[in-house]
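# Coordinates in review
Here is how the chains run, residue by residue.
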Amino acid sequence: MHPIIQNMKDIRHISQEELVSFLLSIGEKKFRASQIAEWLWKKGAASFEEMSNLSQSLRSRLQESFTFTHAEISDHRQSTDGTRKYIFRLHDGKQVEGVLIPTETRVTACISSQVGCALRCSFCATGTMGFIRNLDFTEIFDQFILLDKEAQTNYNQHITNIVYMGMGEPLLNYDAVMRSIALITSPNGQGLSPSRITLSTVGIAPGIRKLADDGFKPEVALSLHCADELKRRQRMPVTETQNFEKLREALVYLHEKTGKRITIEYLMLKNWNDSVEDARKLFRFCQPFPVKINLIEYNSTESGYEKSPEENVRKFVEFLESKNMVVNIRHSRGKDIDAACGQLVKKGQN
Ligand code: SAH
């Protein structure tokens with residue numbers, strides 16, 4: 001939650017009931033609450049001033065009674081491939097990054113769920129920041145609103161897809177992420193279809209089970225990257241607490257409860273996880289549930305790893321396809337502006 005400035009609550013942190021009783025207490029009509037909610041969640045307003053169907057005196061009254069914090073774009077960069085990276089400044093000066101990735105038919109927004117990240121996967125730049133704080137649901141929602149405006153300005157199109165693949169681990173900020181998804185998908189909010197949203201996780205077993213229990217509608221991607229548990233531990237320390245047994249049980253549970261096919265993300269790193277033997281282990285790992293595999297090209301960071309040579313990728317794919325697995329090769333976008341997967345980092349925020 002935001003700190004309460006001068007004891008005032010943030011307009012986006014009060015319930016509809018609280019808003020109604022506030023309005024009644026100042027002699028306003030109840031239906032004003034729905035008008036305000038529409039400004040907040042449907043029109044994505046960032047100030048009371050914009051709420052043009054409210055009287056000036058009500059707007060001033062709201063202004064005096066509530067805070068209204070919102071994220072702002074503080075900087076952006078454009079890649080030669082059309083990808084645009086944005087820096088968002090939050091109410092306390094912290095910063096996170098988001099990316100817009102256009103293709104012929106889509107505009108995908110990649111958004112952050114935390115400032116920094118606690119996981120410290122050794123190939124990922126965000127991990128070098130450490131964990132700073134969780135984002136509030138409004139801060140996740142604001143990234144969508146701001147990026148959608150940018151998508152219209154720059155590509156003449158609304159956002160069609162969202163991936164929770166920016167900074168942070170969404171399942172370690174579960175409630176705020178779910179609330180942001182509810183607002184983005186609600187007909188009273190942004191109305192985006194849940195099937196156009198992907199939540200990507202390093203594999204937090206209790207979080208995956210919770211998704212299953214909550215009947216989670218969007219897609220789920222697992223950043224597996226290595227199907228050999230001991231080897232994965234070396235570069236993804238989270239494996240120590242989220243071991244393969246727990247992880248696989250959670251994935252089976254998710255599939256049983258929701259019927260979902262899980263997307264497996266697999267970063268191809270030279271001489272580490274890219275042999276045919278590694279492909280065989282991946283095939284075995286995925287036996288208990290249906291999957292689609294995305295092989296991701298490694299984007300350079302300061303970690304010093306190298307991406308797999310094409311020959312290794314080809315043999316890896318051949319093996320998986322011989323086992324009838326669905327495999328896509330994902331070439332990265334926005335590398336020249338450090339906007340690609342694993343390259344998001346904003347230093348000096350501690
Ligand atoms: N914490 C979540 C959300 C981040 S998604 C998760 O782990 O899924 C960011 C994706 O980019 C993850 O799959 C991550 O493993 C991957 N990634 C990290 N560093 C990368 C790099 N240098 N090159 C390509 N992908 C990378």
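Everything here concerns the structure above.
My aim in this report is to walk through the structure given alongside it, one point at a time. (Residues numbered from 1 in each chain as written. Predicted model: local features only at pLDDT ≥ 70, side-chain atom pairs only at ≥ 80, totals over all residues. Heavy atoms only, no water.)

In this section: the site of the ligand. Neighbouring residues of the ligand: 21 residues in total, closest Glu169, Ser200, Ser223, His225 and Asn299. Within the side chain of Glu169, an N or O atom sits 3.0 Å from a nitrogen atom of the ligand. In this structure, Asn299 approaches the ligand through a main-chain N or O atom, which is 2.9 Å from a nitrogen atom. When isolated, the ligand has an accessible area of 540 Å², and the protein chains bury 95% of it. Residue assignment for the shell around the ligand shows that the elements contributing at least two residues are strand S10 (197-201) and strand S12 (262-268). Grouping the amino acids of the shell around the ligand by side-chain chemistry returns 9 nonpolar, 9 polar and 3 charged. (Near = heavy atom within 4 Å. Polar contact = N/O pair within 3.5 Å; in protein donor to acceptor, adjacent residues only side chain to side chain. Areas by Shrake-Rupley, 256 points an atom, 1.4 Å probe, with all protein chains shown as cover. Helix = DSSP H or I, 4+ residues; strand = E, 2+ residues; numbered from the N terminus. Nonpolar A, V, L, I, M, F, W, Y, C, P; charged D, E, K, R; others polar.)

Let us look at the packing of aromatic side chains. Scanning the entire structure with this criterion turns up 9 aromatic pairs. Here Phe244 and Phe285 contribute two aromatic rings whose centre-to-centre distance is 5.1 Å and whose plane-to-plane angle is 70°, an arrangement assigned as edge-to-face. Placement of the pair is Phe244 in helix H8 (residues 244-258) and Phe285 in helix H9 (residues 276-285), with a sequence separation of 41 residues. Taken individually, Phe244 and Phe285 each receive the classification buried, so the pair is uniform in this respect. Residues Phe283 and Phe319 carry aromatic rings whose centres are separated by 6.5 Å and whose planes lie at 80° to one another, so their mutual orientation is edge-to-face. Remark: Phe319 occurs in helix H10 (residues 310-322) and Phe283 occurs in helix H9; sequence separation between them is 36 residues. Under the relative-accessibility criterion, Phe283 is labelled buried at 18%. By relative accessible area, which is 11% here, Phe319 ends up buried. (Phe/Tyr/Trp six-rings, centres within 6.5 Å; stacked < 30°, edge-to-face > 60°. Buried < 20%, exposed > 50% of the residue type's maximum accessible area, 1.4 Å probe, protein only.)

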